[in-house]
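Survey of secondary and tertiary structure
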Amino acid sequence: MNWASWTTSGVYAGTGGVRTEEAGILSGDLTVHTTWSDGQASVAVQYSGSSDWFTLTGSPVPCPSEEESRSFHQSVVEAVRVGEGATVPPVGAEPA
């Protein structure tokens, strides 16, 4: 099994925050975590310093390669910074 993960902390969500499956909208200082395994990327967010993780709405998504999942993670981080009820962006979308 192939897998990789990336975590970016200290991401301040833009106005309107991000939408999660479990907790609705989160805003403020967030940590973004992407895990890629066997062609699928899963994204979770948490309040930085917290122990609870929440699934970003739209996750998981098909993602064909580890390299593409790294770019996808950066796109997610940028979407969180924009806010506006951000959800998982499409795989292959250019970071803002």
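Just so it is clear, the model here is predicted, and its values are computed rather than measured. (Residues numbered from 1 in each chain as written. Predicted model: local features only at pLDDT ≥ 70, side-chain atom pairs only at ≥ 80, totals over all residues. Heavy atoms only, no water.)

Quick look at unusual backbone geometry
What you tend to see is this: most non-glycine residues have negative phi, and most peptide bonds are trans. Worth spelling out the cut-off: Each helix corresponds to a stretch of at least 4 residues labelled H or I by DSSP, and each strand to a stretch of at least 2 residues labelled E; elements are numbered beginning at the N terminus.
Looking along the chain, the bond that leaves Ser59 and enters Pro60 is cis, with omega of 0°. One can find Pro60 in the loop between β6 (54–55) and β7 (61–62). Even without glycine at this site, Asp38 takes up a positive phi of about 50°. With respect to the helices, strands and loops of the structure, Asp38 is situated in the loop between β4 (29–37) and β5 (40–47). Of note, Glu84 is a non-glycine position whose phi angle comes to about 60°, a positive value. Among the secondary structure elements, Glu84 is positioned in the segment after α1 (66–82).

Here we look at the environment of Phe72
So the rule is basically this: Should any heavy atoms of two residues lie within 4.5 Å, those residues are considered in contact.
Looking at the element boundaries, Phe72 is found in helix α1. C-alpha separation for the pair Phe72 and Val88, spaced 16 residues apart in sequence, amounts to 9.3 Å. Among all residues touching Phe72, those that are not within four sequence positions of it are Thr34, Ala41, Val43, Val61, Val88, Pro89, Pro90 and Val91.

A word on the pattern of salt bridges
Heads up, the condition is: Salt bridge, as used here: a side-chain nitrogen of Lys or Arg that lies within 4 Å of a carboxyl oxygen of Asp or Glu.
Within the structure shown, the criterion is met by one salt bridge. Between Glu78 and Arg81 there is a salt bridge, with the nearest N and O atoms lying 2.8 Å from each other. Pair noted here: Glu78 and Arg81 are both in helix α1, with a separation of three residues, about one helical turn.

What to know about the confidence of the model for the protein chain
The condition that has to hold: Scored from 0 to 100, pLDDT reflects the predictor's confidence in each residue.
Predicted confidence across the protein chain gives a mean pLDDT of 93, with 95% of residues reaching 70 or more. Taken element by element, the predicted model of the protein chain shows its lowest mean pLDDT in α1 (95) and its highest in β6 (98).

Observations regarding α1
Heads up, the rule is: Expected span, for any helix, means 1.5 Å times one less than how many residues it has. Buried, partly exposed and exposed residues are distinguished by accessible area as a fraction of the type maximum, computed with a 1.4 Å probe on protein chains only: under 20%, between the cut-offs, and over 50%, respectively.
Helix length check: α1, at 17 residues, gives a terminal C-alpha distance of 25 Å against a target of 24 Å (1.5 Å per residue), a fit within 8%. Within α1, burial applies to Ser69, Phe72, His73, Ser75, Val76, Val77, Glu78, Ala79 and Val80. In the core, the buried residues of α1 are packed alongside β1 (3–12), β2 (18–20), β4, β5 and β7. One or two positions beyond α1, positive phi appears at Gly83, with a value near 80°.

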